[in-house]
Amino acid sequence: MSARLSNLFAALVFLSMIAALGAVFLYVPTERTMGLVQRIFYFHVPAAISAFLAFFIVFVASIQYLRTQEMKWDRLALSAAELGVLFGLIVLITGPIWARPIWGVYWRWEPRLTSMLILFSMYVAYLMVRSYGTSSARTPRLASVLGILAFVNVPLVYYSVNLWAAEQQLHPQKIALEPPMKYTLYICYAAFLLFFLFLLQRRLELEKTADALTDLQQQLSDD
Amino acid sequence: MSFFSRTLAILRKDLLAEWRTKERLSPMVFFVLLTLLVFNFSFELGGAALHEIGPGVLWSAFVFASLLGLNRSFVDERENGCLDGLLLAPGDRSAVYMGKMLGNLLFLLAVELISLPFFTLFFNLSPGPFLLPLLGLFLLGSASLASVGTLFAAMSSNMRLRELLLPLLLLPMVMPALISCVEATALVLKGDELARIAPYLQILTVFVVVFTTLSLLLFEHVIEE
């Protein structure tokens with residue numbers, strides 16, 4: 001992506017975030033029973049969706065890397081995994097802030113919380129393997145295998161945790177939202193998605209530059 | 001040689017090496033006993049809480065012990081340059097995985113069977129009615145640990161901080177299997193009917209099938225130099 005296009009993208013992300021903040025703090029009415037703290041919902045849920053999107057991208061990019069051995073797929077998997085952990089962290093931080101006044105505690109071993117924590121730790125392990133594990137030549141291959149296994153595990157984690165703590169379930173399974181709340185949520189989805197794509201694009205660019213630099217250094221030391 | 005006979009050859013080699021050295025089995029069993037001891041002091045076991053946390057204590061001990069065994073399963077090969085020989089052997093490399101996986105499964109089962117009497121002794125349980133379902137659970141649980149565990153062991157034997165990274169990789173990954181094992185063991189010890197245990201057995205079966213298949217497919221990428 002050219003610098004100009006990238007700046008335009010940044011401006012778009014900025015505007016969409018302003019719109020999201022405006023919608024959350026000025027436009028949408030306060031929820032009747034939960035009060036002000038419910039507004040964290042508009043960040044909590046889009047962050048969770050972005051995290052899952054990121055984990056899915058890691059999965060697809062890992063398969064593609066093993067098939068083609070092209071570095072661009074490895075860079076995509078790495079960038080997406082970092083963002084998945086970042087957005088997962090946002091979910092895990094905003095959750096307890098919301099839970100404290102509503103459930104009375106910061107943390108409950110409740111199915112969705114538990115599953116998110118397990119998934120989060122799988123991808124933290126993925127990043128640890130990438131950074132301390134191996135010599136650079138082997139890293140992409142090992143990481144790809146891990147990226148595939150971790151994603152395949154997602155439904156198993158969900159199913160087992162739900163069975164384990166079924167009576168602890170505190171997250172609503174279905175929510176009916178008033179129209180203003182629905183629109184606000186959509187705006188936040190869009191803003192978070194754009195923000196995610198923007199970070200992904202920047203991170204990819206950075207990784208590409210780093211790879212190019214390594215290649216140059218290699219060439220210089222060979223000469 | 002067929003896939004099957006190559007798998008058996010590797011399994012036989014691992015069992016023979018273990019039979020002669022006993023380098024893995026005895027430390028693992030001792031480790032399980034020590035873990036039971038540590039948990040005993042951290043929780044002040046005895047009384048009503050026993051049935052609640054007993055299964056968790058047992059499976060935690062097994063998982064930690066499995067890490068010890070798994071760490072050795074590829075490191076030994078690497079130290080003696082044996083792995084290169086195995087990889088040079090003609091044919092599909094996934095047979096190496098299968099042989100190693102079955103070996104790890106058998107070691108783990110042996111450790112569990114040896115430590116079960118101590119567990120029932122320390123926890124004042126009367127073995128008998130729950131013995132058979134418990135053995136089935138041991139089999140499925142160990143197969144779950146061995147399936148991903150063997151792949152991760154091959155992976156981490158390639159890494160700089162191998163002893164450190166294996167638990168970080170394995171523990172979050174086996175969480176669905178661990179939850180199922182602990183819950184099902186608790187139900188078995190309580191003497192519940194099979195209908196309530198069935199969903200956990202399903203998860204374990206799916207876990208073993210899915211991750212063994214994936215490991216067979218991906219092993220090539222993990223072991224390649």
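Residues numbered from 1 in each chain as written. Chains lettered and ligands numbered in written order. Predicted model: local features only at pLDDT ≥ 70, side-chain atom pairs only at ≥ 80, totals over all residues.

This part takes up the overall build of chain B. When helices and strands are counted, chain B shows 9 helices and 0 strands. Listed N to C, the secondary structure of chain B is α-α-α-α-α-α-α-α-α in terms of helices and strands. Taking 225 residues into account, the globule formula puts the C-alpha radius of gyration at 17 Å, and chain B, at 18 Å, falls close to it. The principal-axis extents of the C-alpha atoms in chain B amount to approximately 55 × 35 × 30 Å. Counting every position in chain B, which comprises 225 residues, the buried fraction comes to 43%. The long-range fraction of contacts in chain B, counting pairs at least 24 apart against all pairs at least 6 apart in sequence, stands at 85%. (Helix = DSSP H or I, 4+ residues; strand = E, 2+ residues; numbered from the N terminus. Rg over C-alpha atoms; globule rule 2.2 N^0.38 Å. Buried ≥ 20, exposed ≤ 12 C-beta atoms within 10 Å, placed from the backbone. Contact = placed C-beta atoms within 7 Å.)

Next up on the list: the overall build of chain A. Regarding its fold elements, chain A presents 6 helices and 0 strands. Written out in order from the N terminus, the α and β elements of chain A read α-α-α-α-α-α.

Another point: helix α5 (residues 139–164) of chain A. Residues spaced three or four apart along an α-helix face the same direction, because each turn holds 3.6 residues. With 26 residues, α5(A) extends 35 Å between its outermost C-alpha atoms, agreeing within 8% with the 38 Å of an ideal straight helix rising 1.5 Å per residue. If you look at α5(A), its biggest bend is around 35°, right at A:Val154, and the proline A:Pro155 turns up within four residues after that. (Expected span 1.5 Å × (residues − 1). Bend = angle between axes of the 7 residues up to and from the residue.)

Position of B:Leu170 relative to the elements: it lies in helix α7 (residues 162–173). Overall, the presence of 22 C-beta atoms within 10 Å leaves B:Leu170 in the buried class.

With that out of the way, let us pick up the interface of chain A and chain B. Facing 26 residues of chain A, the contacting portion of chain B comprises 26 residues. When contributions to the side of chain A that touches chain B are tallied by element, the ones reaching two or more residues are α4 (111–133) and α5 of chain A. With 15 residues, α5(A) is the largest single contributor of residues to the side of chain A that touches chain B.

Turning our attention to unusual backbone geometry. Of note in the backbone geometry, A:Gln69 takes a positive phi value of approximately 60° without being a glycine. With 12 C-beta atoms packed within 10 Å, A:Gln69 lands in the exposed category. The backbone of B:Lys22 shows a phi angle near 55°, a positive value even though the residue is not glycine. Looking at where B:Lys22 falls in the secondary structure, it is placed in the loop between α1 (3–21) and α2 (25–43).

As a further point, take the packing of helix α5 (residues 94–122) of chain B against helix α9 (residues 194–223) of chain B. In a pair of packed helices, the angle between the axes and the distance between the axes together describe the arrangement. Residues and elements named next belong to chain B. The N-to-C vectors of α5 and α9 enclose an angle of 135°; their axes lie 8 Å apart at closest approach. Accordingly, the angle class assigned to the pair α5 and α9 is oblique. Our pair here, α5 against α9, has a crossing hand that is right-handed. For the pair α5 and α9, contact is made by Ser94, Tyr97, Met98 and Met101 and by Thr212, Ser215, Leu216, Phe219 and Glu220, respectively. Residue classes in the contact of α5 with α9 are distributed as 5 nonpolar, 3 polar and 1 charged. (Axes fitted to C-alpha atoms, helices over the stretch in contact; angles between N-to-C directions. Parallel < 35°, antiparallel > 145°, perpendicular 65-115°, else oblique. Left-handed = near helix turned anticlockwise from the far one by under 90°. Nonpolar A, V, L, I, M, F, W, Y, C, P; charged D, E, K, R; others polar.)

For the rest of this paragraph, the subject is the environment of A:Asp222. All names here are of chain A. Tracing the backbone through its elements, the reader meets Asp222 in helix α6 (residues 179–222). When the 6 C-beta atoms within 10 Å are taken as the criterion, Asp222 is described as exposed. The sequence separation of Asp222 and Leu194 amounts to 28 residues, and the corresponding C-alpha distance is 42 Å.

With that settled, consider the packing of helix α2 (residues 41–68) of chain A against α5(A). Residue and element names in this part refer to chain A. Running from N to C, α2 and α5 point in directions that differ by 135°, and their axes come no closer than 8 Å. In terms of orientation, α2 lies oblique with respect to α5. In the packing of α2 onto α5, the handedness of the crossing is left-handed. Contact residues: Phe55, Phe56, Val58, Phe59, Ser62, Ile63, Tyr65 and Leu66 in α2; Pro140, Ser144, Gly147, Ile148 and Phe151 in α5. Of the residues belonging to the contact of α2 with α5, the class tally is 10 nonpolar, 3 polar and no charged.

A word on α2(A). In a regular helix each residue adds 1.5 Å, so 28 residues correspond to 40 Å; α2(A) covers 40 Å between its end C-alpha atoms and thus fits that length. The positive-phi residue at the C-terminal boundary of α2(A) is A:Gln69, with phi of around 60°.

Within soluble globular proteins, side chains that are nonpolar generally end up buried alongside one another. Ranked by size, the top nonpolar core spans 122 residues in total, and within it A:Val58 and A:Ala77 carry the most contacts. Sequence-distant contacts of A:Val58, that is, excluding residues within four places in its chain, are made with A:Ala77, A:Ala80, A:Ala81, A:Gly84, A:Gly147 and A:Phe151. (Core = buried A, V, L, I, M, F, W, Y, C linked by C-beta atoms within 7 Å.)

Residue and element names in this part refer to chain B. Inspection of the secondary structure puts Thr7 in helix α1. Placed 92 residues apart in sequence, Thr7 and Gly99 show a C-alpha to C-alpha distance of 4.4 Å. Not counting the four nearest positions on each side in its chain, Thr7 is found in contact with Ala95, Met98, Gly99 and Leu102.

Residues and elements named next belong to chain B. Taken over all residues, the pLDDT of chain B has a mean of 86, while the share at 70 or more is 95%. Of all the helices and strands in chain B, helix α4 (residues 82–88) carries the lowest mean pLDDT, 82, while helix α6 (residues 131–156) carries the highest, 92. Taken together, the chains of this predicted complex give a pTM of 0.89 and an interface ipTM of 0.88. (pLDDT = per-residue confidence, 0-100.)

So, about the confidence of the model for chain A. A residue-level look at chain A finds 98% of positions with pLDDT of 70 or above and a mean pLDDT of 87. Mean pLDDT values over the elements of chain A span from 88, in helix α1 (residues 3–27) of chain A, up to 93, in α2(A).

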